[in-house]
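# Summary of structural features
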Amino acid sequence: MWPTRSGDPVSDHINGMPKYVVSSTLKDPEWHNTQVIDGDVVAGITRLRESTGNDILQYGFGAVSRLLLQHDLLDELRLWVHPLILGHGSPSDLLFGSAPSVGFRLVGSTTLSHGIIILNYVTDKILE
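Residues numbered from 1 in each chain as written. Predicted model: local features only at pLDDT ≥ 70, side-chain atom pairs only at ≥ 80, totals over all residues. Heavy atoms only, no water.

### Here we look at the nonpolar core
Quick reminder of the rule: Only buried Ala, Val, Leu, Ile, Met, Phe, Trp, Tyr and Cys residues count toward a nonpolar core, and they belong to the same one when joined by side-chain atoms within 4.5 Å. Partly exposed residues are those whose accessible area sits between 20% and 50% of the maximum for their type, while under 20% is buried and over 50% is exposed, using a 1.4 Å probe and protein chains only. Where helices and strands are cited, they refer to DSSP runs of H or I of at least four residues and of E of at least two residues respectively, numbered from the N terminus. In this description, contact between two residues means that some pair of their heavy atoms is separated by no more than 4.5 Å.
Counting residues in hydrophobic clusters, the biggest one holds nine residues: I37, V41, V42, I45, L48, L68, L69, L73 and L74. Looking at this core, the elements with two or more residues in it are helix 2 (41-52) and helix 3 (63-70). Ranked by residue count, the leading element in this core is helix 2, at four residues. Apart from the residues within four sequence positions on either side, I37 is in contact with Y20, V21, V22, S23, G44, I45 and L48.

### With respect to the sheet that holds strand 3 (residues 76-81)
Selection rule: Strand pairing is defined by DSSP finding a minimum of two bridges between the two strands. Lines fitted to C-alpha atoms define the axes, with helix axes restricted to the stretch in contact, and inter-axis angles between N-to-C directions lie between 0 and 180 degrees.
Strand order in the open sheet formed by three strands is 3-5-4, and the pairing between neighbours is antiparallel. The two strands at the open ends of the sheet, each matched to only one other strand, are strand 3 and strand 4 (104-111). Taking the axes of each pair of neighbouring strands and ignoring which way they run, one obtains an average angle of 20° across the sheet.

### Observations regarding helix 3
Just so we agree on the cut-off: The arc in question is traced by the directions running from the helix axis to the C-beta atoms.
Where helix 3 is concerned, the buried positions are S65, R66, L68 and L69. What you see down the axis of helix 3 is that its buried residues fit within an arc of 160°, all on one side. Buried positions along helix 3 lie against helix 2 and strand 4. Following helix 3 by one or two positions, D72 adopts a phi angle in the positive range, close to 55°.

### Describing the packing of aromatic side chains
Our working definition: Between rings of Phe, Tyr and Trp, where Trp is taken as its six-membered ring, a pair exists when centres lie within 6.5 Å; planes separated by under 30 degrees are stacked, by over 60 edge-to-face, and by other angles tilted. Distance and angle both matter: a charge sits over a ring if NZ of Lys or CZ of Arg is within 6 Å of the ring centre and within 35 degrees of the ring normal.
Across all of its chains, the model carries zero aromatic pairs by this definition. Its end group placed over the ring of W31, K19 keeps NZ or CZ at 4.8 Å from the ring centre.

### A few points about the pattern of salt bridges
Note the cut-off: Each reported salt bridge corresponds to a side-chain nitrogen of Lys or Arg within 4 Å of a carboxyl oxygen of Asp or Glu.
Under the criterion given, the structure shown has four salt bridges. A salt bridge links K27 to D38; its shortest N-O distance comes to 3.8 Å. Pair noted here: K27 is in the loop between strand 1 (19-22) and strand 2 (34-37) and D38 is in the loop between strand 2 and helix 2, with a separation of 11 residues, a long-range link. For D38, a relative accessible area of 41% gives the class partly exposed.

### Some points on helix 2
Put simply, the rule reads: Expected span of a helix, by definition, is 1.5 Å for each gap between consecutive residues, and there is one gap fewer than residues.
Look at helix 2: 16 Å from first C-alpha to last across 12 residues, which is about the 16 Å you get at 1.5 Å a residue. Regarding helix 2, the residues found buried are V41, V42, G44, I45 and L48. Taken end-on, helix 2 shows its buried residues confined to a sector of 165°, consistent with a single buried face. Facing away from the buried surface of helix 2 by more than 90 degrees, the exposed residues are R47, E50 and S51. At its buried positions, helix 2 is contacted by strand 1, strand 2 and helix 3. After helix 2 finishes, the residue G53 shows a positive phi value of roughly 75°.

This is how it looks when you write it as structure tokens:
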């Protein structure tokens, strides 16, 4: 959806910003300004954090998020709670998979008009 949208401030901003995809199969991303991180993901993200000086935003939560938590590379977590229940899934599909114990503190929340709630958390180490 985003790569084909343009002409408004939000889509133009997202299309213009650098994007990084962790993948072992994607070689030539079609979306402008997209680089693939493959191989040693921890080293790749560590280099990215050190080189940009900017925040890194990750959408979704899964294996990469857990890897970031294991290596103390996740500072902020934004959870989007959708008013929807899926009729199937497995424990690996859920937020609560195998990951280190990490404390988070709520620093903001937004409720959208269609019922989605965005919860912003930071790790406790950020607040120390």
